[in-house]
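Observations on chain architecture
Listed below, chain by chain, are the residues.
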Amino acid sequence: MTGRILRIELRRSAALSIGLLSLVTGTVLLLTSTQFFVGRWMQLAIFSRSMLMVSLPFALAGGAWLGQRDARYRVNELFASTVRPRWQRVVPTASALAVAVAAAYVLVFLIAAGWVVPTAGYFPASAIVVAAVGVPALVAAGWLGMAAGRAVPRVVTAPILAVVGFVLVGLVPDLVTMAHTDASFTRVRPEPSALLLVPTFNGLDDFQTIATRVSLLQTLWLVSLAATGLLLLGAVRRRAIAFAVLPAVLGGAVAVPLLPVGGTRGAAVVDPVAIELVCDDDGPQVCVARAHAALLSDVVGPARQALGMMAAKLPNAPVRAVQSRQIAYWGRLGVSTTPTRHADDTIVFDTPTIDPAGGADLSDGYFLPSLLEAAWRQDCGDQPETDESLARTVATAWLNGQPPTPQRWWEPADIERVRSAYQALVSLPQAEQRDRMAAARAAAMDCRSDGLLAILAEKP
């Protein structure tokens, strides 16, 4: 009988419409942003979780609309006069809403997975765990919305809940993070562990994953919150209402002390498999991280071209190119990291821009100059740069055989300085040019700025 009622609810109630609205909205948002996750399962999981800032308010508002059904059709007194317990009447409706919103979430993930499967070189099992946390989050939102709609059967209840839900999951995490950073966006203290009770995630680097312990604790909290919503929906007396709050209180009391501080950055850990190197050895070796294996075929050509240009002009030129496996600066703000110097025979390049199809977007020609500039870079830690960037521009132009291109943010004095330094350098005999640039690179690889700064001298 319960299964039959559930099927009727799915066909005739607003639950199916709520699920379809979530499905359409989520699909449109994901498929218009494929460049943020294509070829990377963990990024798809994180992006699905970030989309909860839209789907959770929908679930809250939809649940409130569904919870007002009895009051809207003025059958509250009729149902209250029956001997059938209230929970027997609300469970099929609540189950229909849970099935609808959960199915919509899973279907959006599966649709987006069609863009990931052809280009993904690595499948971390933890991505499924991270994505799965969104299911109890949506169920909890839907049931809490139903309970609120039943308690306050007003037209404004649903839109107010949608706004409140968006503020809680979309704005509060950012506001808390901003409160813990200074004017220069440096974190002055870690965010409280309670921030991870909000199920949305943002800003995970491609080489990171969410600790499984965090996902399990979030699931515990969200399941307890869903239980509270369902108990509130079926509660009639004040004692039952007070008892209904108990699961959420207990879930929060268990989860908060065990969750790490620091928000998303505190929950994120480096995935050791994602940073393993995948290499092409059919020529000078070119390597990328396993998480970006799909980019290897696109970067091999420019990387070997850059290595060839270096070999033609630079003594003791590097012979291999390797993608940087450092976590992006925004993923390690406030975290002390030890510099990892690379060998002199290697250039380390940054991850190229990823296009919506999962390949490397090299259309504007930025990648080859960045590879040439990498010949003068070493991981020396977070040291303030003064004129080193100008010197690297001159050195890159010398390798490329073209005058340096001024950047938009340069001062007129910097433009003139770079042009004069380049002209002074190329006016030297070829042998002296090679010796000076070899010495400059040796100094750069040893984290000494004097060699690079010497390039800027107009009269070397």
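This text goes with the structure placed above it.
Rules and cut-offs
Per-chain numbering applies: the sequence of each chain, read as written, is numbered from 1 onward. Two thresholds apply to this predicted model, a pLDDT of at least 70 for residue-level local features and 80 or more for giving and counting side-chain atom pairs, whereas whole-chain, interface and lining totals are computed over all residues. Note: side-chain values were computed over all heavy atoms of the structure, leaving out hydrogens and water. Working definition: helices are DSSP H or I runs of at least four residues, strands are E runs of at least two. Numbering for both runs from the N terminus. Residue contacts are defined here by distance: any two heavy atoms, one from each residue, within 4.5 Å place the two residues in contact. Here the expected span of a helix is defined as 1.5 Å times the quantity of residues minus one. Values of bend correspond, residue by residue, to the angle between axes fitted over the seven residues ending at that residue and the seven starting there. Partly exposed residues are those whose accessible area sits between 20% and 50% of the maximum for their type, while under 20% is buried and over 50% is exposed, using a 1.4 Å probe and protein chains only. Criterion for a salt bridge: a side-chain nitrogen of Lys or Arg within 4 Å of a carboxyl oxygen of Asp or Glu. A cavity here means a set of points on a 1 Å grid, drawn over the protein atoms and nothing else, where a 1.4 Å probe fits but cannot get out; a pocket is an open set with protein on both sides within 12 Å along at least five of seven lines, and a residue lines either one if it has an atom within 4 Å of a point. Grid points are joined across faces, edges and corners, and a volume is the space filled by probe spheres set on the points. Throughout, the ten residues Ala, Val, Leu, Ile, Met, Phe, Trp, Tyr, Cys and Pro are labelled nonpolar, Asp, Glu, Lys and Arg are labelled charged, and all others, Gly among them, are labelled polar.

1. A few points about the environment of A244
- If you trace the backbone, A244 turns up in helix α12 (residues 238-244).
- Separated by 17 residues in sequence, A244 and A227 have C-alpha atoms that sit 7.8 Å apart.
- With residues near it in sequence (within four places) discarded, A244 still touches T228, L231 and L232.

2. Description of helix α10 (residues 157-179)
- The end-to-end C-alpha distance of α10, which contains 23 residues, comes to 30 Å, matching closely the 33 Å that a straight helix rising 1.5 Å per residue would cover.
- At L171, α10 shows its maximal bend, which comes to roughly 45°, and the proline P173 appears one to four places after that position.
- Those residues of α10 lying buried are T157, A158, L161, G165, V169, G170 and P173.
- Those residues of α10 hidden inside the fold are in contact with α4 (52-67) and α9 (134-151).

3. Observations concerning the pattern of salt bridges
- Per the stated rule, a full pass over the model turns up 8 salt bridges.
- Residue R265 pairs with E191 through a salt bridge whose shortest N-O separation is 3.6 Å. Highlighted residues: R265 in helix α14 (residues 263-267) and E191 in the loop between α10 and β1 (208-210), separated in sequence by 74 residues. Exposure class is identical for R265 and E191. Each is buried.
- The closest approach of N and O atoms between E373 and R392, which form a salt bridge, is 3.7 Å. In this pair, E373 sits in helix α16 (residues 367-374) while R392 sits in helix α17 (residues 388-400), placing the two residues 19 residues apart along the sequence.
- With a relative accessible area of 22%, E373 lands in the partly exposed category.

4. Observations concerning empty space enclosed by the protein
- By the definition in use, this model includes 3 cavities of 30 Å³ or more.
- Here the largest cavity is characterised by a volume of approximately 160 Å³.
- Mapped onto the lining of the largest cavity, the elements with two or more residues apiece are α2 (15-31), α4 and α7 (86-116).
- Of the residues in the lining of the largest cavity, the class split is 10 nonpolar, 5 polar and no charged.
- Within this model, the second largest cavity holds a volume of roughly 110 Å³.
- Surrounding the second largest cavity, 15 residues form its lining, R40, M42, Y122, D206 and A291 being those nearest its centre.
- With 3 residues, helix α3 (residues 41-50) is the largest single contributor of residues to the lining of the second largest cavity.

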